[in-house]
Amino acid sequence: STTPIAIIGTGIAGLSAAEALHAAGYPVQLFDKSRGSGGRMASKRSDAGALDLGAQYFTARDRRFAAAVAQWQARGWVEQWTPSLYQFANGVLSPSADEQVRWVGTPRMSAITRAMLGALPVKFSCRITEVFRGERHWHLLDADGESHGPFAQVIIATPAPQASALLATAPKLAGTVAGVSMEPTWAVALAFAEPLQTPVEGCFVQDEVLDWTARNRSKPGRDATPDTWVLHASSSWSRQHLDLSKEQVIEHLHGAFAEMIGCAVPAPVFSLAHRWLYARPSAAHQLGALADADLGLYVCGDWCLSGRVEGAWLSGQEAARKLIAHNQ
Ligand code: FAD
Ligand code: NAD
């Protein structure tokens, strides 16, 4: 049929599904509440250039995902990132090189989802609040009260708590999704006028406040100045300080960073904080993608699998595969 399939969410999961459906000849219509695509792989434009505040890099362990990443590389959307890696544990900062291949979007993380979206039809700044079925087709309602449709099927590709709210018509799926909890992450970017005197370019941190820090300019295609760092707070610290002001979060993370990095850390010339409310699932799952195929409703996202870019992409592929299989 020519009735399109609605996809709610233009993160990597939704776009993975969109790409697979488009390739199989299905028309799709995408929606996102944000002003652009990418979700947790988006990059923020700032006075210090584009910053990857969410996903920092990704690994490819599944053969199918590795093949997709190889294509992305051939098209110039991604490059390998080979930072000088450190770890900080028990109060000690030490080199921690390994053999793991790590990928980043170039010249920013959002380049991948931007390219995947291409010319597919999409409505941004459109928060879907209701997904309901008419006699033959699906319709969506957005936060402005506007309705969209008809759609042959619907794929919900959002974090679990946001999917829950859209599953009133499918109580069984809603039950499964309600069982998935997600943890927040506070992210901070700090820009320094003079490069910090440290060899660290990426660091796995184990302390009360921080989880990770990365030097933006060590990634391929990024501006060299100013010397900008992205800091991620741990899940537990983020949960305990969910409602702290951005200024206070910047102050805390700046302090923890200065303590662990082991060189002089001046006041930043630029700083920002971003709260990811649903950053990662509390545990890994093996859900693949959820489906009520007779109803025509599908749910995918990183939380269905590993809570990583790879898991999100695989989950989107699985949603599309199930939908196509059901239609055949
Ligand atoms: P999302 O990217 O969250 O996409 C969902 C989209 O749905 C969003 O664009 C949102 O705006 C939209 N949406 C939600 N509700 C609605 C609605 N009602 N109506 C319309 N649109 C809606 N992964 C790695 O592999 N490596 C890393 O280093 C890494 N680091 C991370 C660091 C942080 C701080 C965070 C937050 C995540 C990190 N991740 C990392 C995880 C990775 O970013 C995610 O697994 C992946 O991007 C999730 O993709 P997704 O499509 O499932 O969801
Ligand atoms: P990966 O293999 O590089 O890292 C996996 C984990 O192994 C790391 O978290 C770290 O604990 C450990 N590790 C790996 N290399 C190390 C080294 N050289 N020295 C010390 N420890 C090392 O990547 P992955 O498996 O693709 O995982 C993706 C990364 O994304 C993880 O670090 C994860 O914590 C992070 N992530 C963060 C969020 C968030 O909200 N902050 C959400 C999802 C994923």
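In this text, all values refer to a predicted model and were calculated from it rather than measured experimentally. (Residues numbered from 1 in each chain as written. Chains lettered and ligands numbered in written order. Predicted model: local features only at pLDDT ≥ 70, side-chain atom pairs only at ≥ 80, totals over all residues. Heavy atoms only, no water.)

**Here we look at the pattern of salt bridges**
Here's step 1: With the rule as written, the count across this model stands at 12 salt bridges.
Here's step 2: For aspartate 227, the salt bridge is made with arginine 215, and the minimal N-O distance between the two is 2.7 Å. Note that aspartate 227 is positioned in strand β17 (residues 227-233) and arginine 215 in strand β16 (residues 210-215), a separation of 12 residues in sequence. Take aspartate 227 and arginine 215: they sit in the same class, and that class is buried.
Here's step 3: A salt bridge links glutamate 310 to arginine 308; the nearest nitrogen and oxygen atoms lie 3.2 Å apart.
Here's step 4: Owing to a relative accessible area of 28%, arginine 308 belongs among the partly exposed residues under this scheme. (Salt bridge = Lys/Arg side-chain N within 4 Å of Asp/Glu carboxyl O. Helix = DSSP H or I, 4+ residues; strand = E, 2+ residues; numbered from the N terminus. Buried < 20%, exposed > 50% of the residue type's maximum accessible area, 1.4 Å probe, protein only.)

**Here's the deal with the side chain of serine 46**
Here's step 1: You can see serine 46 is positioned in strand β3 (residues 43-46).
Here's step 2: Reaching out from serine 46, the side chain makes a polar contact with the backbone nitrogen of alanine 48 at a distance of 2.9 Å.
Here's step 3: Within the local environment of serine 46, its side chain forms a polar contact with the backbone oxygen of glycine 49, the two atoms lying 2.8 Å apart.
Here's step 4: Each residue touching serine 46, except ones within four places of it in the same chain, is listed here: Leu51, Phe270 and Leu272. (Polar contact = N/O pair within 3.5 Å; in protein donor to acceptor, adjacent residues only side chain to side chain. Contact = heavy atoms within 4.5 Å.)

**Here we look at the packing of aromatic side chains**
The geometry of an aromatic ring pair comes down to the distance between the two centres and the angle between the two planes.
Here's step 1: Within the structure shown, the criterion is met by 11 aromatic pairs.
Here's step 2: Considering the side-chain rings of tyrosine 57 and tryptophan 81, the 6.0 Å spacing of their centres and the 45° angle between planes classify their relative orientation as tilted. Highlighted residues: tyrosine 57 in the loop between β4 (49-52) and α2 (63-74) and tryptophan 81 in the loop between β5 (78-80) and β6 (85-89), separated in sequence by 24 residues.
Here's step 3: The class of tryptophan 81 is buried, set by a relative accessible area of 2%.
Here's step 4: By the ring-pair criterion, three or more aromatic residues cluster together here, those being Tyr57, Trp81, Phe204 and Trp212.
Here's step 5: It is arginine 102 that lies over the ring of tyrosine 57; its NZ or CZ is 5.3 Å from the centre.
Here's step 6: The cationic tip of lysine 219 hangs over the ring face of tryptophan 81; the distance from NZ or CZ to the ring centre is 5.1 Å. (Phe/Tyr/Trp six-rings, centres within 6.5 Å; stacked < 30°, edge-to-face > 60°. Lys NZ or Arg CZ within 6 Å of the ring centre and 35° of its normal.)

Take it as geometry only, folks, not as evidence of what the structure does.
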